[in-house]
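Understanding the architecture of this molecule
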Amino acid sequence: MVQGSFHKSPAAKFLNFLFILPLFLGLRPLFINYRLLDTLVFLGGMALILGLIIYNNSIAYITYDEVALRVLLPYRENREEHRFENMLGYRKKGSRQLTLFSLDHKPLRIILKPSDMERFIDLLIQEGISETSLAGGRGK
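Before going into details, it helps to say that this report is about the structure given with it.

Basis of the calculations
Residues numbered from 1 in each chain as written. Predicted model: local features only at pLDDT ≥ 70, side-chain atom pairs only at ≥ 80, totals over all residues. Heavy atoms only, no water. Helix = DSSP H or I, 4+ residues; strand = E, 2+ residues; numbered from the N terminus. Buried < 20%, exposed > 50% of the residue type's maximum accessible area, 1.4 Å probe, protein only. Polar contact = N/O pair within 3.5 Å; in protein donor to acceptor, adjacent residues only side chain to side chain. Contact = heavy atoms within 4.5 Å. Pairing = 2+ DSSP bridges. Patch = residues over 30% accessible without salt bridge, like charges linked within 9 Å, V, L, I, M, F, W, Y side chains within 5 Å. Areas by Shrake-Rupley, 256 points an atom, 1.4 Å probe, with all protein chains shown as cover. Salt bridge = Lys/Arg side-chain N within 4 Å of Asp/Glu carboxyl O. Axes fitted to C-alpha atoms, helices over the stretch in contact; angles between N-to-C directions. Core = buried A, V, L, I, M, F, W, Y, C linked by side-chain atoms within 4.5 Å.

1. Points about the side chain of E80
Topologically, E80 is positioned in strand 4 (residues 80-83). With a relative accessible area of 8%, E80 lands in the buried category. For E80, the side chain forms a polar contact with the side chain of H82, separated by 2.7 Å. Discounting chain neighbours no more than four positions away, the residues touching E80 are L69, R70, V71, L73, H105 and L108.

2. Points about the pairing of strand 4
Taking every second residue as pointing to the same face, the buried face of strand 4 carries E80 and H82, while none of E81 and R83 on the other face is buried. In this sheet, strand 4 lies alongside strand 3 (residues 68-71) in antiparallel orientation, the contact comprising four bridges. Looking at strand 4, one finds that V71 is bridged to E80.

3. Details of a nonpolar patch on the surface
Taken together, the side chains of F14, L15, L18, L21 and F24 present a nonpolar region at the surface, about 520 Å² in accessible area. Note that L18 resides in the loop between helix 1 (10-16) and helix 2 (27-32).

4. Quick look at the pairing of strand 3
By the bridge criterion, three bridges tie strand 2 (residues 62-64) to strand 3 in an arrangement that is antiparallel. Its bridge partner lying in strand 3, I62 is registered against V71. Here strand 2 folds back onto strand 3 in antiparallel fashion, the turn holding three residues.

5. Brief notes about the environment of R70
Looking at the secondary structure, you find R70 in strand 3. A C-alpha to C-alpha distance of 19 Å links R70 and K13, two positions 57 residues apart in sequence. One polar contact links R70 to D65, side chain to side chain, over a distance of 3.3 Å. Within the local environment of R70, its side chain forms a polar contact with the side chain of E81, the two groups lying 3.2 Å apart.

6. A word on the sheet that holds strand 4
The strands making up a sheet associate through hydrogen bonds between their backbones, and the pairing can be parallel or antiparallel. Ordered by their spatial adjacency, four strands build an open sheet running 1-2-3-4, and the pairing between neighbours is antiparallel. Every interior strand has two partners, whereas the edge strands, strand 1 (4-6) and strand 4, have only one. The average angle at which neighbouring strand axes cross in this sheet is 20 degrees, direction not considered. Of the strand pairs in this sheet, strand 1 and strand 2 are connected by three bridges, and their pairing is antiparallel. Residue pairing in the sheet places S5 in a bridge with T63 of strand 2. Helix 4 (residues 114-126) contacts strand 1, strand 2 and strand 3 of the sheet and is inclined by roughly 135 degrees relative to strand 1.

7. A few points about the nonpolar core
By size, the foremost hydrophobic cluster in this structure holds 21 residues, and its most contacted members are I62, L69, L98, L100, I110, F120 and L124. For this core, the elements supplying multiple residues, two or more each, are strand 2, strand 3, strand 5 (87-93), strand 6 (97-102), strand 7 (108-111) and helix 4. When residues in this core are grouped by element, the largest group, five residues, is from helix 4. Those residues in contact with L124 that lie beyond four places of it in its chain are L69, M87, Y90, L98, L100 and I129. L30, F42, M46 and I53 belong to the second-largest nonpolar core, a separate cluster that totals five residues.

Now the structure itself:
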């Protein structure tokens, strides 16, 4: 199997830009009490946040190789590694969502584009991981 990756859905990428909305509340005080230094600091911070969002949207959400899946989660600094040999199965929820069950980790909810979801399921089937009927999907 060749190494590959999956990216976030376009809707998830768009929703990341909503983190900029609170910054627009800071524009009004800048116009009322105009100071060049304040404006430059604010615009620099806004550019930094915008750059981080664009970078986050460009990196791969899921990467895989012969051994494992590595998923970039928003609450983890490093990618979470799910080894194929420790996966119990998956449960599909619609055309865009899937819950992955593993021995080492809590159930992982994955959201992809429908075409990427089909490729992802094909990858799981190729690795011998089948759809399961685990009730509830809670706990380890």
